[in-house]
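Tertiary structure, described
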Amino acid sequence: MKPLKLSAKQIEVLSAIALSWQQEKAKLLVAMNSFDPKRGRADQLSASLAGFSDLSRNYDLRRMHYWLEAERLLSPEQLAAIRAGVR
């Protein structure tokens, strides 16, 4: 992958974004890991598992939010270099 050649300002802001995501991610993972589906009939279990689906969906949405926030800081050339490295 081609070097991104980030500016000092980009590094500073990207580091802050990464820190914010790591903090939020930790909280989301605690919630997901502590999820305890209720036992019972199939309909009760299904309703309970919907709560985990909501947590998972929120995790994905927040991860995408931070990714897009970071992407906005990059030049078209930097974005192209990242996308070329993604398979």
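Please read all numbers here as calculations on a predicted model, not as lab measurements.

Scoring rules and cut-offs
- Residues numbered from 1 in each chain as written.
- Predicted model: local features only at pLDDT ≥ 70, side-chain atom pairs only at ≥ 80, totals over all residues.
- Heavy atoms only, no water.
- Helix = DSSP H or I, 4+ residues; strand = E, 2+ residues; numbered from the N terminus.
- Buried < 20%, exposed > 50% of the residue type's maximum accessible area, 1.4 Å probe, protein only.
- Contact = heavy atoms within 4.5 Å.
- Areas by Shrake-Rupley, 256 points an atom, 1.4 Å probe, with all protein chains shown as cover.
- Salt bridge = Lys/Arg side-chain N within 4 Å of Asp/Glu carboxyl O.
- Polar contact = N/O pair within 3.5 Å; in protein donor to acceptor, adjacent residues only side chain to side chain.
- pLDDT = per-residue confidence, 0-100.
- Arc of directions from axis to C-beta.

**Quick look at the overall build of the protein chain**
Broken down by element type, the protein chain carries 3 helices and 0 strands. Along the protein chain, helices and strands appear, N-terminal first, in the series α-α-α. Buried positions account for 20% of the 87 residues belonging to the protein chain. For the protein chain, long-range pairs separated by at least 24 residues make up 67% of all intrachain contacts whose partners lie at least 6 apart in sequence. For the protein chain, the exposed area adds up to about 6,600 Å²; of that, 60% sits on carbon and sulfur atoms.

**A word on the pattern of salt bridges**
Side chains bearing opposite charge may pair, as long as their charged atoms lie close to each other. With the rule as written, the count across this model stands at 4 salt bridges. Across the pair Glu 24 and Arg 62 runs a salt bridge, and its minimum N-O distance is 2.6 Å. Residue Glu 24 is located in helix α1 (residues 8-33), and its partner Arg 62 is located in helix α2 (residues 42-71); the two are separated by 38 residues in the primary sequence. Note on Arg 62: relative accessible area 24%, which makes it partly exposed. Two residues, Asp 54 and Arg 57, come together in a salt bridge whose shortest N-O distance is 2.7 Å. Remark: Arg 57 and Asp 54 occur in helix α2; sequence separation between them is 3 residues, near one turn of the helix. Here Asp 54 falls in the partly exposed class, since its relative accessible area comes to 45%. The exposure class of Arg 57 is partly exposed, given its relative accessible area of 47%.

**So, the environment of Asp 54**
Note: C-alpha distance between Asp 54 and Met 32 (22 residues apart in sequence) is 9.8 Å. A distance of 2.7 Å separates polar atoms of two side chains, one belonging to Asp 54 and the other to Arg 57.

**Notes on the confidence of the model for the protein chain**
One rule of thumb: low pLDDT means the predicted coordinates there are not for detailed reading. Looking at the protein chain, pLDDT values average 87 and 84% of them are 70 or higher. Within the protein chain, α1 carries the highest mean pLDDT (96), whereas α2 carries the lowest (86).

**Some words on helix α3 (residues 76-85)**
Of the positions making up α3, those classed as buried are Gln 78, Leu 79, Ala 81 and Ile 82. Looking down the long axis of α3, one finds its buried residues gathered within 160° of arc, a one-sided arrangement. Exposed side chains of α3 directed beyond 90 degrees from the buried face belong to Pro 76, Glu 77, Arg 83 and Ala 84.

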